[in-house]
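This is what each chain is made of:
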Amino acid sequence: MNRSRSRSRTSLLAVLGAAALVGSLAAPSAFAAPAPDALKSASTNTTSAYAGSAEEASANQEFFDAVMKSALAKQAAQPGIQVVTVRYRTTRAPSFRSQIAQSTQIWNSSVSNVKLQESSSAADFEYREGNDSRGSYASTDGRGHGYIFLDYRQNQQYNSTRVTSHETGHVLGLPDHYSGPCSELMSGGGPGTSCTNAYPNATERQRVNNLWARGIANLKDKGELTKVR
């Protein structure tokens, strides 16, 4: 799971052109919290122990930037836009179709300014499945091509819908916060394998609504996409 990084765009053209600045895949960020040894070495500061690396935060931010850029570009010609539709593919994650459907339904019922919709083409991101020692993560090349990777083993250890819903939260702009309680979706693996909550809390819902409302407002009113993170 990735974290947030402050960035701004001065215009929609600038946003679309900024993709060229990102030349390679951003480093992924795993769902699970740091290992116990890492926690012991930082026992005087539990929050920072779960804070994760700047590299992971950068990867999450790159993913969100690419998805918003792609989704808004598709809808730039719609002057009455009220809700941004983010399209995704599931063809490369057939084993997780149920969890993906549940997680997107959770998000669609939780927020009002962005909607997740399955698509067989012209998707803004896709889900993939497989084995990876890093666990589940979100990754992008910054050019509108991003994916959520769902790791088999991790999805057996943790509640699979929570993992999927958490990773989808990165698509919508939320950073990891491993030190949070189970009631906080973006706490990810921090609360342990017994945590099964797959729903964002009120703060997380409001943050997503605010992020996408800003994108819609700037696109409608000024023809610009200015993101303040």
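Since this is a predicted model, take the numbers as computed values, not measurements.

Moving on, we get to helix H7 (residues 160–171). In this model, H7 (twelve residues) spans 17 Å end to end at C-alpha, consistent with the 16 Å of a helix rising 1.5 Å per residue. Among the twelve residues that make up H7, twelve are buried, leaving the element largely enclosed by the rest of the structure. Those residues of H7 that fall on the buried side of the exposure criterion are Ser160, Thr161, Arg162, Val163, Thr164, Ser165, His166, Glu167, Thr168, Gly169, His170 and Val171. Measuring from the side-chain oxygen of the N-cap residue of H7 to the backbone nitrogen of Thr161 gives 3.3 Å; that N-cap residue is Asn159.

All right, on to the nonpolar core then. By size, the foremost hydrophobic cluster in this structure holds 34 residues, and its most contacted members are Val86, Trp107, Phe125, Tyr127, Ile148, Val208 and Trp212. Of all the elements, helix H4 (residues 54–74) adds the most residues to this core, at six residues. Leaving out residues up to four positions away in the same chain, Val208 has contacts with Trp107, Val111, Val114, Leu172 and Leu174.

Turning our attention to the pattern of salt bridges. As a working rule, side chains carrying opposite charge can pair if their charged atoms are close by. Enumeration according to the criterion identifies five salt bridges in this entry. A salt bridge links Glu126 to Arg89; the shortest N-O distance between them is 3.8 Å. Residue Glu126 is found in strand E3 (residues 125–130), and its partner Arg89 is found in strand E1 (residues 84–92); the two are separated by 37 residues along the sequence. According to the relative accessible area criterion, Glu126 is buried, its value standing at 8%. The shortest N-O distance in the salt bridge between Glu126 and Arg128 comes to 2.7 Å. Through salt bridges with shared partners, a single ionic network connects Arg89, Arg92, Glu126 and Arg128.

Turning our attention to the confidence of the model for the protein chain. Model confidence for the protein chain is summarised by a mean pLDDT of 75, while 67% of its residues fall at 70 or above. Per-element averaging of pLDDT across the protein chain places helix H3 (residues 46–49) at the bottom with 26 and helix H5 (residues 97–110) at the top with 98.

How each quantity is defined
Residues numbered from 1 in each chain as written. Predicted model: local features only at pLDDT ≥ 70, side-chain atom pairs only at ≥ 80, totals over all residues. Heavy atoms only, no water. Helix = DSSP H or I, 4+ residues; strand = E, 2+ residues; numbered from the N terminus. Expected span 1.5 Å × (residues − 1). Buried < 20%, exposed > 50% of the residue type's maximum accessible area, 1.4 Å probe, protein only. Polar contact = N/O pair within 3.5 Å; in protein donor to acceptor, adjacent residues only side chain to side chain. Core = buried A, V, L, I, M, F, W, Y, C linked by side-chain atoms within 4.5 Å. Contact = heavy atoms within 4.5 Å. Salt bridge = Lys/Arg side-chain N within 4 Å of Asp/Glu carboxyl O. pLDDT = per-residue confidence, 0-100.

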